[in-house]
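Below, each chain spelled out in residue letters.
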Amino acid sequence: MPARSESHRPAEVIGVGAATWDHFWIVEEFAAEERVCAASDHVAMGGGPVATAVCALARHGHATALIDVGGDDAPGRALRAELEQHGVNTTALQVLPGRRSATAGILVRRRDGARQIAYHPGDAVEPVWGEAEARLVRNARLLHLNGRHEATARAAAAEATARGVAIAFDGGAGRWRESLRDLVAASHLRLMARDFAHQFAGSDDLDAMISALLTPPARLLVITDGVRGSHLALPDGTLHHQPACPAEPVVDTTGCGDIFHGAFLHGWLSGWPAVDCAAYAARLAARNAEGLGGRFALGDWVPKD
């Protein structure tokens, strides 16, 4: 049976997703052939879309927990320690002896922040779903998913639906799978990259994507589009384009979408108008791009409003 943390901090937001231990190197150029190059900077930190979003929420003062599984190796220990440093409850971070945790190596090109990523998912299986995990979800205000650990995410979504807990779904670029359609359909807050929205709707037309995605029980839809900003749509007909905020300089765009989601959900949980949530999320995402690593903006901390 996987080991669990002894922390029992009550959680307002529960995330279900895969955390990774990421190494970042800044290089002058990418290579198409074998060579050795010097890196001008290097950092290591935790990553993963849902894990980073709940870290951002914890930094904003929300009680959060992550349901995930990993190995008892050095990356797994580092992942747990960093989550706890950010204030995330690790009660449901399950540890499998002898298994390897997810890791990634990211080369970041100095002149423009472009990336080359090598990712190893580890060999841990799905988290075990039991009464402890169900209790976390039923006592929360918000469940945040991105489709990783699909069976666990589906069990968590069913528990949340039965208990009236709001569900947020993060649809990342390049992460669309037809099997995720029911999880999107169950969610209330739909935060997704334009590529994911395109695949879901079968159209790259913005109006068509909004029509396909802003369906009950959705309370809002956000379609992010990189440097082109984001599009917010509400069931009352509100449409709003939020321009991307400038980053000076752009160092690394890893994790900007994940930080955007965490910042947006902070605003939503705090009762802000959705337009204000989008504006704040854009500012924090830009801050994240100004340094190396997917959680750069959480390192020196930021104001809560």
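None of these values were measured; they are calculated from a predicted model.

> Could you give an account of the pattern of salt bridges, with specific residues and numbers?
Any two side chains of opposite charge can pair, so long as their charged atoms come close to each other. Considering all chains together, one arrives at 19 salt bridges under this definition. Here Glu29 ties to Arg109 by a salt bridge, and the two come within 3.8 Å at their closest N and O atoms. Separated by 80 residues along the polypeptide, Glu29 in the loop between β2 (20–27) and β3 (41–47) and Arg109 in strand β7 (residues 103–109) bring together distant segments of the chain. Arg109 gets classed as buried once you look at its relative accessible area, which sits at 16%.

> I'd like a description of the packing of aromatic side chains, backed by residues and values.
As enumerated under the stated definition, the model contains five aromatic pairs in all. Centre to centre, the rings of Phe169 and Phe196 are 5.7 Å apart; their planes meet at 45°, and the pair counts as tilted. With Phe169 in strand β10 (residues 166–171) and Phe196 in helix α6 (residues 194–201), this residue pair connects regions lying 27 residues apart in the sequence. Each of the two residues, Phe169 as well as Phe196, counts as buried.

> How would you sum up the confidence of the model for the protein chain? Please name residues and give values.
Looking at the protein chain as a whole, its pLDDT mean stands at 93, while 95% of the residues score no less than 70. Long-range and interchain partners of residues 1–7, a stretch whose pLDDT sits below 50, account for 20 contacts in this model, where long-range means more than four residues apart.

> So what's going on with the sheet that holds strand β8 (residues 115–120)? Residues and values would help.
One open sheet accounts for four strands, arranged β3-β2-β7-β8; its pairing is mixed. Looking at the sheet topology across the chains shown, the edges are occupied by β3 and β8. Shown here is a sheet whose adjacent strand axes are inclined to one another by a mean of 15°, direction ignored. Two elements, β7 and β8, share six bridges in a ladder whose sense is antiparallel. Directly across from Ala104, in β8, lies its bridge partner Tyr119. Where helix α2 (residues 74–86) meets the sheet, it contacts β2, β3 and β7, and its direction lies at approximately 95° from that of β2.

Each value, and the rule that gives it
- Residues numbered from 1 in each chain as written.
- Predicted model: local features only at pLDDT ≥ 70, side-chain atom pairs only at ≥ 80, totals over all residues.
- Heavy atoms only, no water.
- Salt bridge = Lys/Arg side-chain N within 4 Å of Asp/Glu carboxyl O.
- Helix = DSSP H or I, 4+ residues; strand = E, 2+ residues; numbered from the N terminus.
- Buried < 20%, exposed > 50% of the residue type's maximum accessible area, 1.4 Å probe, protein only.
- Phe/Tyr/Trp six-rings, centres within 6.5 Å; stacked < 30°, edge-to-face > 60°.
- pLDDT = per-residue confidence, 0-100.
- Contact = heavy atoms within 4.5 Å.
- Pairing = 2+ DSSP bridges.
- Axes fitted to C-alpha atoms, helices over the stretch in contact; angles between N-to-C directions.

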